[in-house]
Amino acid sequence: MSDTSLPGRLAWSGLKDAGNGNREPLARAVIAGLMVVTLTVMLASLATGPIAVPVLDLLPHMAAYFLGDLDGAPEGISLRDWIVVMDIRLPRVVLGALVGAALAVSGAVMQGLFRNPLADPGIVGVSAGAGLGAALFIVLGNAVLAPVMALLGIYAVPLAAFGGGLITTLLLYRIGTRGGITSVATLLLAGIALGALTGAMTGLLVYVADDHQLRDLQFWGLGSLAGSNWDKVLSAAPIILAMLVCVPFLARGLNALTLGEAAASHLGIRVQRLKNLSIVLVAGATGASVAVSGGIGFVGIVVPHLLRLTMGPDHRFLLPAAALLGASMLIAADTLARTIVAPAEMPIGIITAFAGAPFFLWILLRKRGLTGL
Amino acid sequence: MFHQKMPDAVPLTPDLVVDGVSVSADKVPIVRDLSFKATAGEVLAIIGPSGSGKTTLMRAMTGEMAYRGTISLGGPEVRGLAPEVLACVRGVLPQASQISFPLNVSEVVGLGLIDGQRDRQARKRRIAEALGRVGLSGFEGRTYQDLSGGEQQRVQLARVLCQVWEPLDPVGAPRWLFLDEPVSSLDIKHQYQIMRLARDYAINGGGVVAVLHDLNLTAAFADRVLVMRDGEGLAFGLRDEVMRPELLSVTYDFPLECLAVAGARPVIVPAEDKA
């Protein structure tokens, strides 16, 4: 995993706490540092692989290409390098960044909404629900659902995943919340039940799936960015980017919500609207991520928690920082996944689970007096 | 949720009018046909045994619970007011406040600064001032969860004070403080400190409505008292009219007496304790 605190650490002593409790300068420094880290990780990932590519030399040409000043491969650059970067690694890095940001921000928003640091789309079954939605279209897309598939094109699978995630999140919220109070125990247990149920339904689909579809279904178990291409980027990007643009508007409300729903409402927050918007955004971003990369776990737990430890829980800073750290962590994990056992590939979910599951346990053990559990 | 500036001021008169109000929770009536009027510039105490509907009434008045009847906060009906409008008119201190993430004290108090004040120095000053008023100067960097119950309650009060800092709004209409058992977890020094603060808020033109359990604190600080029992208003009036041992004994179903010592305020004590 990328070390995120280096740029921050230099300024640490001066910023940690000036005695007045103002953590804003620290938070800004962390975000600035994370921007540098994200860019560095992206470049490193582009350069890394079976073929080493001089990415820095390619950068000006890539800029020219995306600005429309260049069609096809530039002169003076090996065609092989160009194709490796533009058609294989760049879509994968971009998709990793989108998915990582979406998962981490979804986790942060969900934790704010449920007022608990253990809420995460992967753990409470939202990813499983999204997976079911996507599996429906992958397996039945050429049969019963063919007309819908024809209508929605590459967006069919992400939209189905979004629908699955949305329904699961709404169900969870209805089950877990009584009289405005969300019980975390009920929530986690309901999440397990819903996850098992949707998993069983996905399992049923396996029986009717053909070989090719089976392979597509398989990768949801652990998640993978293998098979990234520009089509996948284009299908996921609109939903995820829309979520990333909307989410800063939730920050003030989520901050007030740390006091509880009643107190947030006393402070002038329209709590119901905040909840609705959060649920739609989380379901959308999770659905889009699951559709293109399967169920990558624990990013949504680890990233927000690390950031809260570093710079405090203020959502105005936590949400953008989570997007950056989530993106760089997932790209780093993916780079590891595709190099560690090269030429084979490891599902990225294995790496995030290895890093994330012990972390989850650690949070559990540290927080014995867990609020509301 | 998105508002950054203060909404246009609502035309206000100095009164909080509660008229024929009933509140039910899950179809069980909690408050029945209650009417009274609180005036800005005064402290109104609501007393009564546990389960008499004090907190429910409070939650109706703050716009948190649906009610039948009329509750008007200086003119407009409370149920019709948007949260962001209400938030500029009244602050609410709830009974207990759990916070879900480790915010520090200045961040908690800063949540009360809802007027979109961007100037960081001004924000900092206001937070420090509010903490000073509740006797927690220098606590800015402390983590909320690490504080004692009483300190947490005072931090919450500082947050509420930030929200309705000026007892009068720019056009001179009063703002309101709703305090639900504001001193329940405080030691006696801080009980008096907080109640003085509430009284100062009223003296400067604001309205204060407080649910209290301590009869002597009520006698010391309330201008008017509403006595509740079984969801109904048993008595409402000026403090000295209401705080009579006979009435209170009936209210609490417990024999109470007034103990008068020369040169001091009469004290309400259990009857059998009289030496």
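Before going into details, it helps to say that this report is about the structure given with it. Please read all numbers here as calculations on a predicted model, not as lab measurements.

Criteria and thresholds
Residues numbered from 1 in each chain as written. Chains lettered and ligands numbered in written order. Predicted model: local features only at pLDDT ≥ 70, side-chain atom pairs only at ≥ 80, totals over all residues. Heavy atoms only, no water. Helix = DSSP H or I, 4+ residues; strand = E, 2+ residues; numbered from the N terminus. Rg over C-alpha atoms; globule rule 2.2 N^0.38 Å. Buried < 20%, exposed > 50% of the residue type's maximum accessible area, 1.4 Å probe, protein only. Contact = heavy atoms within 4.5 Å. Areas by Shrake-Rupley, 256 points an atom, 1.4 Å probe, with all protein chains shown as cover. Lys, Arg positive; Asp, Glu negative; His and termini not counted. Charge placed at Lys NZ, Arg CZ, Asp CG, Glu CD. Polar contact = N/O pair within 3.5 Å; in protein donor to acceptor, adjacent residues only side chain to side chain. Salt bridge = Lys/Arg side-chain N within 4 Å of Asp/Glu carboxyl O. Pairing = 2+ DSSP bridges. Axes fitted to C-alpha atoms, helices over the stretch in contact; angles between N-to-C directions. Parallel < 35°, antiparallel > 145°, perpendicular 65-115°, else oblique. Left-handed = near helix turned anticlockwise from the far one by under 90°. Nonpolar A, V, L, I, M, F, W, Y, C, P; charged D, E, K, R; others polar. Buried area = accessible area lost by both parts, 1.4 Å probe. Disulfide = S-S within 2.5 Å. Core = buried A, V, L, I, M, F, W, Y, C linked by side-chain atoms within 4.5 Å.

## Considering the overall build of chain A
Right, on to step 1. Counting its secondary structure elements, chain A contains 16 helices and two strands.
Right, on to step 2. Its C-alpha radius of gyration of 21 Å places chain A within 12% of the 21 Å reference for a compact globule of 373 residues.
Right, on to step 3. Each of the three principal axes of chain A carries a C-alpha extent, and together these read 65 × 60 × 35 Å.
Right, on to step 4. Within chain A, the proportion of its 373 residues that are buried is 52%.
Right, on to step 5. A separation of at least 24 residues holds for 75% of the contacts in chain A among residues at least 6 apart in sequence.
Right, on to step 6. For chain A, the accessible area works out to roughly 15600 Å², and carbon and sulfur atoms hold 69% of it.
Right, on to step 7. Counting 22 positive and 18 negative side-chain charges, chain A places the centres of these two groups 18 Å from one another.

## Observations regarding the environment of Ser249(B)
All names here are of chain B.
Right, on to step 1. Relative to the assigned elements, serine 249 resides in helix H9 (residues 245–252).
Right, on to step 2. For serine 249 and proline 49, which are 200 residues apart along the polypeptide, the C-alpha to C-alpha distance reads 11 Å.
Right, on to step 3. Sequence-distant contacts of serine 249, defined by excluding residues within four places in its chain, comprise Phe254, Pro255 and Leu256.
Right, on to step 4. At 2.6 Å, the side chain of serine 249 and the backbone oxygen of proline 245 are in polar contact.

## A word on the pattern of salt bridges
Right, on to step 1. A complete count under the given rule lists 18 salt bridges over all chains for this structure.
Right, on to step 2. Between Glu84(B) and Arg270(A) there is a salt bridge; the shortest N-O distance is 2.7 Å. Here the residue Glu84(B) occupies a position in helix H2 (residues 83–89), and Arg270(A) occupies one in the loop between helix H12 (261–266) and helix H13 (271–293), the pair thus bridging two chains.
Right, on to step 3. Take Glu84(B): its relative accessible area is 14%, and that puts it in the buried class.
Right, on to step 4. Owing to a relative accessible area of 30%, Arg270(A) belongs among the partly exposed residues under this scheme.

## A look at the sheet that holds strand E1 (residues 15–25) of chain B
Residues and elements named next belong to chain B.
Right, on to step 1. Taken in spatial order, the three strands of this open sheet run E2-E1-E4, and their pairing is antiparallel. Pairing within the sheet leaves two strands with one partner each, and these edge strands are strand E2 (28–39) and strand E4 (68–73). Taking the axes of each pair of neighbouring strands and ignoring which way they run, one obtains an average angle of 20° across the sheet.
Right, on to step 2. Pairing geometry for E1 and E2, over eight bridges, is antiparallel. Paired with valine 18 across the two strands is phenylalanine 36, which belongs to E2.

## Side note on the side chain of Ser328(A)
Residues and elements named next belong to chain A.
Right, on to step 1. Note on placement: serine 328 falls in helix H15 (residues 315–339).
Right, on to step 2. Residue serine 328 is classed as buried on the basis of its relative accessible area of 0%.
Right, on to step 3. A distance of 3.2 Å separates the side chain of serine 328 from the backbone oxygen of leucine 325, its partner in a polar contact.

## A word on the sheet that holds strand E9 (residues 232–238) of chain B
Residues and elements named next belong to chain B.
Right, on to step 1. Read across the open sheet, the six strands follow the order E5-E6-E7-E3-E8-E9; overall the sheet is mixed. Two strands lie at the open edges of the sheet, namely strand E5 (90–93) and E9, each paired on one side alone. Across the sheet, the axes of successive neighbouring strands diverge by a mean angle of 15°, strand direction being ignored.
Right, on to step 2. Where strand E3 (residues 43–47) and strand E8 (residues 224–229) come together, four bridges link them in parallel fashion. In the sheet register, isoleucine 46 faces E8, and the bridge partner there is leucine 226.

## With respect to the packing of helix H2 (residues 24–47) of chain A against H15(A)
Residues and elements named next belong to chain A.
Right, on to step 1. Their axes nearest at 9 Å, the elements H2 and H15 cross at an angle of 25°. It follows that H2 is roughly parallel to H15 by the angle criterion. H2 and H15 meet at a crossing whose hand is left-handed. For the pair H2 and H15, the contacting residues are Glu24, Ala27, Arg28, Ile31, Leu34, Met35, Val37, Thr38, Val41, Met42 and Ser45 in the first and Arg316, Phe317, Pro320, Ala321, Leu324, Leu325, Ala327, Ser328, Ile331, Ala332, Thr335 and Arg338 in the second.
Right, on to step 2. Its residues assigned to classes, the contact of H2 with H15 shows 15 nonpolar, four polar and four charged.

## Examining the interface of chain A and chain B
Many authors give the size of an interface as the accessible area that is lost as the parts come together.
Right, on to step 1. Contact with chain A, which involves 33 residues of that partner, is made by 32 residues of chain B.
Right, on to step 2. Taken together, both faces of the contact between chain A and chain B bury some 3000 Å²; the carbon and sulfur share is 56%.
Right, on to step 3. Across the contact surface, chain A and chain B share three salt bridges.
Right, on to step 4. Summed over the shared surface of chain A and chain B, the number is eight residue pairs in polar contact (both at pLDDT 80 or more).
Right, on to step 5. If you list the elements that add at least two residues to the side of chain A that touches chain B, you get H2, helix H4 (79–114), helix H11 (251–257), H12 and H13 of chain A.
Right, on to step 6. For the side of chain A that touches chain B, the element with the most residues is H12(A), which contributes four residues.

## Details of the state of the cysteines
Right, on to step 1. Throughout the structure, instances matching the rule amount to zero disulfides over all chains.
Right, on to step 2. As a non-bridged cysteine, Cys88(B) has Cys162(B) as the owner of its nearest cysteine sulfur, 14 Å distant.

## Observations regarding the nonpolar core
Side chains that are nonpolar tend, in soluble globular proteins, to be buried together.
Right, on to step 1. In terms of nonpolar packing, the biggest core is built from 135 residues, with Leu307(A) and Val109(B) touching the most fellow members.
Right, on to step 2. Take this core: its biggest share by element is 13 residues, from H4(A).
Right, on to step 3. Those residues in contact with Val109(B) that sit more than four places away from it in its chain are Ile127(B), Ala130(B), Leu131(B), Val155(B), Ala158(B), Arg159(B) and Cys162(B).
Right, on to step 4. Counting residues in hydrophobic clusters, the runner-up holds 31 residues, among them Val21(B), Ala40(B), Leu44(B) and Tyr67(B).

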